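Observations on the three-dimensional arrangement
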Amino acid sequence: MKVPLKWLKEYVAVTLPVTELAERLAMAGTEVKGTEVIGGKWENILVGEVITVEPHPNADRLRLVTVELGTEQPTVVCGAPNLRLGDKVAFARVGAELIDGHSGQKIILKPAKIRGVVSSGMVLSEKELGISDIHEGIMVLPPEAPVGAPLAECLGDTIFDLDITPNRPDLLSVIGVAREVAALTGEEPSIPEVSYEAKGAPIEEQVSVEIAAPQLCSRYSASLIYGIKIAESPRWLKSRLLASGMRPINNIVDVTNYVMLEYGQPLHAFDFFKLWGNKKIIVRRAGGGEVMVSLDGVERALQGDMLVIADEKQAVAIAGVMGGASSEVSQETTSILLESANFAPASIHHTSSSLRLISESSMRFERGIRPELTLLALKRATQLILLLAGGEAAKGLIDVYPGRKEPEPISLSTERLERLLGVEFSPQQIVAALTSLGFNCEPTSSASEFRVRAPYWRSDIHLEADLIEEVARIVGYDKIPTTMLSRSLPRQDPEPGLGLKKKAGQSLVGYGFQEVITYSLTGREMLEKALPGSGSLKALPLRVANPMTADQEYLRTSLRGNLLAALAANRRHEDGPIRLFELGRVYLARHNDLPDESEILSGLLSSTGLEKSWPGGDEPFSFFDAKGVVEGLLTRLDVTPSFEEAGDEGLRPGAQAAVVVAGNKLGVVGELHPKVAEAFEVSGAVYLFEINLTALLPYTIGHKVFQPIQRFPAVVRDIALVVDVGLSHRQVVDVIRGFPLVQKVALFDVYSGKQVPVGKKSLAYRLTFQSSTHTLTDEEANKVQQQILAKLSSELGASLRS
Amino acid sequence: MDVLEQLAELKVRALGELADIDDARELESWRVCYLGKKSRLTAVLRNLGELPLSEKKSVGAGANRLRVELESNLEQKKRALREAKLASSVQKEGLDISLPGYPFPVGRLHPVTQTIHKINDIFTSMGFQVVEGPEVEWDYYNFEALNIPEEHPARDTMATLWIDYEKDSNQRQMLLRTHTSPMQIRFMEKVRPPLRIVVPGKVYRYEATDATHIPMFHQIEGLAVDEGITMADLKGTLYEFSRRFFGKDRKVRFRCDYFPFVEPGVEMAIECAVCKGEGCRLCGSSGWIEILGAGMVHPEVLRRVGIDPEVYTGFAFGMGIERIPMLRYGIDDIRLFYSSDLRFLRQF
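Residues numbered from 1 in each chain as written. Chains lettered and ligands numbered in written order. Predicted model: local features only at pLDDT ≥ 70, side-chain atom pairs only at ≥ 80, totals over all residues. Heavy atoms only, no water.

Attention now goes to the overall build of chain B. When helices and strands are tallied, chain B shows 11 helices and 10 strands. Over its C-alpha atoms chain B spans a radius of gyration of 42 Å, topping by over 25% the 20 Å that the globule rule assigns to 348 residues. Restricting to contacts in chain B with at least 6 residues of sequence separation, those with at least 24 account for 66%. Accessible surface, chain B as shown: approximately 16600 Å² in total, 52% of it carbon and sulfur. With 47 positive and 51 negative side-chain charges, chain B shows a separation of 9 Å between the mean positions of the two kinds. (Helix = DSSP H or I, 4+ residues; strand = E, 2+ residues; numbered from the N terminus. Rg over C-alpha atoms; globule rule 2.2 N^0.38 Å. Contact = heavy atoms within 4.5 Å. Areas by Shrake-Rupley, 256 points an atom, 1.4 Å probe, with all protein chains shown as cover. Lys, Arg positive; Asp, Glu negative; His and termini not counted. Charge placed at Lys NZ, Arg CZ, Asp CG, Glu CD.)

Attention shifts here to the overall build of chain A. When helices and strands are tallied, chain A shows 21 helices and 42 strands. Sorting the 802 residues of chain A into buried and exposed places 51% on the buried side. Taking the intrachain contacts of chain A between residues at least 6 apart in sequence as the baseline, contacts between residues at least 24 apart amount to 69%. If you sum the accessible surface of chain A, you get close to 37000 Å²; carbon and sulfur atoms cover 52% of it. (Buried < 20%, exposed > 50% of the residue type's maximum accessible area, 1.4 Å probe, protein only.)

Residues and elements named next belong to chain A. Read from one edge of the open sheet, five strands run β14-β17-β20-β21-β22, paired in mixed fashion. In the strand order of this sheet, the two ends are held by β14 (208-211) and β22 (322-323), each with one partner. Inspection of the sheet shows β14 paired to strand β17 (residues 280-285) by four bridges, in the parallel sense. Bridge assignment links V209 to a residue of β17, and that residue is I281. (Pairing = 2+ DSSP bridges.)

Residues and elements named next belong to chain A. Within strand β23 (residues 336-343), eight of the eight residues are buried, leaving the element largely enclosed by the surrounding structure. Residue alternation in β23 divides its side chains into two sets, I336, L338, S340 and N342 and L337, E339, A341 and F343, and both sets are buried. Two elements, strand β15 (residues 217-226) and β23, share eight bridges in a ladder whose sense is antiparallel. Across the sheet, residue R219 finds its bridge partner in β23, namely N342. As paired elements, strand β16 (residues 268-271) and β23 share four bridges and run antiparallel to each other. The partner of D271 across the bridge, within β23, is I336.

Moving on, we get to the interface of chain B and chain A. Facing 99 residues of chain B, the contacting portion of chain A comprises 93 residues. Interface area for chain B against chain A, summed over the two sides, is near 8100 Å², with a carbon-plus-sulfur share of 57%. Counting the surface chain B buries against chain A, the share from its top three residues, B:E151, B:R196 and B:C256, is 8%. At the boundary of chain B and chain A, one finds nine salt bridges. At the boundary of chain B and chain A, one finds 42 residue pairs in polar contact (both at pLDDT 80 or more). The element contributing the most residues to the side of chain B that touches chain A is helix α8 (residues 231-246) of chain B, with seven residues. When its residues are assigned to classes, the side of chain B that touches chain A shows 50 nonpolar, 19 polar and 30 charged. For strand β31 (residues 543-544) of chain A and strand β3 (residues 162-164) of chain B, the ladder comprises two bridges, and the chain directions are antiparallel. From the neighbouring strand, A:R543 faces β3(B), where its bridge partner is B:D164. (Buried area = accessible area lost by both parts, 1.4 Å probe. Salt bridge = Lys/Arg side-chain N within 4 Å of Asp/Glu carboxyl O. Polar contact = N/O pair within 3.5 Å; in protein donor to acceptor, adjacent residues only side chain to side chain. Nonpolar A, V, L, I, M, F, W, Y, C, P; charged D, E, K, R; others polar.)

Looking now at the packing of aromatic side chains. Residues and elements named next belong to chain A. Counted according to the given criterion, the structure contains 21 aromatic pairs over all chains. Judged by centre distance (5.7 Å) and plane angle (75°), the ring pair of F513 and F689 falls under edge-to-face. Of this pair, F513 sits in the loop between α14 (496-510) and β29 (514-515) while F689 is found in strand β38 (residues 686-692), placing the two residues 176 residues apart along the sequence. What makes F689 buried here is its relative accessible area of 0%. (Phe/Tyr/Trp six-rings, centres within 6.5 Å; stacked < 30°, edge-to-face > 60°.)

When the domains of chain B are assigned, the result is domain 1 (3-93) and domain 2 (111-345). Inter-centroid distance (C-alpha atoms) of domain 1 of chain B to domain 2 of chain B is 86 Å. (Domains from an automatic or database assignment.)

One can find B:E137 in strand β2 (residues 136-138). A distance of 2.6 Å separates polar atoms of two side chains, one belonging to B:E137 and the other to B:R186. The residues contacting B:E137, other than those within four sequence positions of it, are A:L594, B:Q173, B:M174, B:L175, B:R177, B:P182 and B:R186.

Next up on the list: empty space enclosed by the protein. In the structure shown here, the tally under the stated rule is three cavities of 30 Å³ or more. Of the volumes computed, that of the largest cavity is approximately 100 Å³. Along the walls of the largest cavity sit 14 residues, with A:D170, A:S173, A:Y263, A:L373 and A:W457 positioned nearest its centre. Among the elements that make up the lining of the largest cavity, the one with the highest residue count is helix α5 (residues 174-185) of chain A (three residues). Tallied by class, residues from the lining of the largest cavity come to six nonpolar, five polar and three charged. What lines the second largest cavity is simply A:A28, A:G29, A:T30, A:T165, A:N167, A:R168, A:E469, A:E470, A:R473, B:C256, B:D257 and B:Y258. Considering every element that reaches the lining of the second largest cavity, the biggest residue donor is helix α13 (residues 464-475) of chain A, with three residues. (1 Å grid on protein atoms, 1.4 Å probe; cavity = no way out; pocket = protein on both sides within 12 Å on 5 of 7 lines; lining within 4 Å. Points joined across faces, edges and corners; volume = space filled by probe spheres on them.)

This next bit is on the sheet that holds β29(A). All names here are of chain A. Judged by pairing direction, the sheet is mixed, and its seven strands sit side by side in the order β29-β33-β34-β38-β37-β36-β35 without closing on themselves. Only two strands of the sheet have a single partner each, and these edge strands are β29 and β35 (642-644). Pairing of β35 with strand β36 (residues 651-661) involves three bridges; the strand directions are antiparallel. Bridging from a neighbouring strand, E644 pairs with A658 of β36. Running over the sheet, α14 touches β33 (578-590), β34 (593-606) and β38 and is turned about 150° from β33. Most of the contacts of helix α16 (residues 560-571) go to β33, to which it runs at about 150°, and overall it touches β33, β34, β36, β37 (664-672) and β38. (Axes fitted to C-alpha atoms, helices over the stretch in contact; angles between N-to-C directions.)

Scanning the model with the defined rule gives zero disulfides over all chains in all. For the unlinked cysteine B:C272, the closest cysteine sulfur is that of B:C275, found at 3.6 Å. (Disulfide = S-S within 2.5 Å.)

Once that is clear, we can look at the environment of B:V266. Relative to the elements of secondary structure, B:V266 occurs in strand β8 (residues 262-271). Accessibility expressed as a relative area gives 1% for B:V266, which makes it buried.

Leaving glycine aside, a negative phi is the common case for residues, and trans is the common case for peptide bonds. The residue after B:P193, namely B:P194, is reached through a cis peptide bond having omega 5°. Within the element layout of this structure, B:P194 appears in the loop between α7 (182-190) and β5 (195-204). Cis geometry marks the peptide bond from B:E263 to B:P264, where omega comes out at -5°. Within the secondary structure layout, B:P264 lies in strand β8. A positive phi is found at A:R115, a non-glycine position, where the angle reads about 45°.

Take a look at the structure:
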């Protein structure tokens, strides 16, 4: 809402400097988004009076104009045809900053010689002053403008651009802002009385109004004016509309807009003779398939839940949103029916958003303005139209008011105010604050309790808490002390999942992984690209009904695609090893319920083979780097995983494993499938891992039991076995672990090649034997080792490598 | 020459030779020669019994003194040789210490995660519990229960992404939460006062992406409900948060603002760090940077979850996360957070 301060000052004395006023408004809830100063740059521009107009000696279309400035009378060359003796004009001296009338650029005025005559100065158009686009003639000032005065004193203004919160439609009006300013500065607002003479035939003999949908229209008021003359509005009116951000159209439309800005009540003028039969207005819901062309020339398909203003034949306006073209006020209009009505906020919001048609009118109605306003604004608009367009008003006004409600008083107690704010205000302070805002405070039998009635323009006051806020914001939030919560601490039941996420993230950071966060919204293509093969997703992703773009249409069911895209993007400028992880949710649809939102930890390791670095760090990653990360991470999380065959189509067959905990597959680790790597345009090997932390959580909350530290020395033996190539490390270890004295089995070499027969490989282990009851002798260790070798030989065909 | 004279001569010779020794092997030979089983000194000590009684005492004492002296000189020499060896080896094996260490990969948490952790820690220390809620929500939790019924103009300030799903008869609308506030309702439905929670998480808006707008960002919500909680407590708690997060020198301002689910409503701003309140481009000439919205929990919101507003009061607040590192580090484009660009992420 743009509020020119000169206009505001008609209703309230503004004594504070502009910045301080803006500060007070902001503290009380209405932020000043911007302040525009009209005439702030009008140095060297003065009010002048035209004292001579002579022809230019060398040009037919130019004239020499002499201007009285009080102390001097400069003569300038001027091309505008509209200047007359005695006109007051804006005169720019050399050095003034102007807008060039042709290019629209800022210029500094310099002396010029035009067709042989020196011109040192200029008389200005509105465009050259930067107050409108009008450049057809010189701007003529009102005759009372004082000669020689700086133009800024006469035409300058400061305009506040206010950010009005949705609860305060009363502030979408200059009078409303004036009342707020008055309350904040201790001034009295002065709202002028409106009166005019209505001499025409009584209105009720000429037109009637029927409200067929009283739930949607609580009040409909109207006046009728004959014999008007459509014309351009006077300068003061146009410049106020322009300053408030509205385009002047003609005197009738301009008055309806002006009064809307003044009172906050939208109005609409119908060309009375264009209404069919011009006898009756019906406020009703739109009929099925009803169509109407709105003022902006667009044909609107109306739905049955939209409210329209209709004559006996058709809809002539979309109630509270926009008028219809068929009854639009035009150059030929001579009689108007002026509507000032109150419509249900939800209905207007629904209509305006369904039609995607937001107007100054709909914006006010949907915030809920009070029906008491209709008559006040109607009288004001009628008065101004009679003044500016002539004509005669019909006697009386139409006023159908099915929604009349007396607002209930709200009780306010000083104790409850203190209980909410944490500070005691005296009854006098409370009454003074509320009274300054126009509230009525009635005393009750208790000195600490009042019955408070909100003023008619406030639609946002329903509860005691609303009144308490009013008191607090007028007294000032800075008057409320700061205290710490002082009652006993609530019981805490920390969510174990949060601790798990934090620990997992920090572990990966410790392993050198960089965390990324990517959008949960993705495209179907991205999801499918990361999981090729069958070509369709295992679970259908949730779809956004109104996506911004196709690549933000679905909720992700996997983090993999985003992580690979992040890798690809970084590969454009990074050739070193990359370790990334994301810890975020996937969204898996459930029937008729909110989706399953599991927390997934997903990471990748990538090396290009191009790395060059100081020893270490240039070894390309392998499957076992990724597996090692998973093992290390899960060990930190007190979980012992096993690894089994996985069937992940996005990973390379034979180079992937499911991460299994207590028989449940909770994740996967493996090398990215070359097809997927190609689809994401990443080169080199990429190793991925994914762990479902939500599913893992129950296994991380185990009960630990202390194991006594072994006191007796261990015996260490290294053995190298020759086994079939197809035999797995795990089969060997499972056999060795079956012996009670074996404390530890550690693989330290895997070899296949010339030193072992074809079809065989060598596995070397360091075995640690230890007893919890005595020091092992060599003989005991030898005995176990022999037993182990015998069992490995008989069960797995393993032999000792010679 | 009597035995004592021999011992004196032996001492001179032994110590003279010892002084010239500079490696461990020579030192061992010296030990064998003068202190070994076959040495002269050992022989003297062993044959003491053959001496006449008059000499036995003085020779025995002299020989033992010499043994102690030689042994102590031997130990000194050993230590000296060890130290000399260490010194020479350190000198020989000296490193170019300006060479880089073997690389150890460095990982970091995302700046948004870091900020959330830091905020969580501050509120946890004030007795708030960290909880999380679903990102896909019902209209009821995101709007209705927070006093934002259908067609309420406040809905227009939080453009919503709706979820397409097969509705059953109850026609519930599913959406991506536009703020973390739904968790206020979910938590109060489950837990009776007294309660204090903070709720970090992702939120979503139907918004075209540019340098200051993205469709997904993070918020943190706070809620405290108990008997006797006042707006002074709200101010005190948030002031304390600001003091610990932004530092004690940053001024804090509380002004009136509107959110449908609180009354009175509050906006907290901190003094602009760039201009120190003078007004600049960053703060839009106001000198203040808005940090969060807050207020006293609306009585209707309490009533809806079955908490009696005549008995209990509470406060709530909500703040955007990304804004904070943006202000702190001077980041001018919010999209960078979700670009996954290592050149950006490695800076924090």
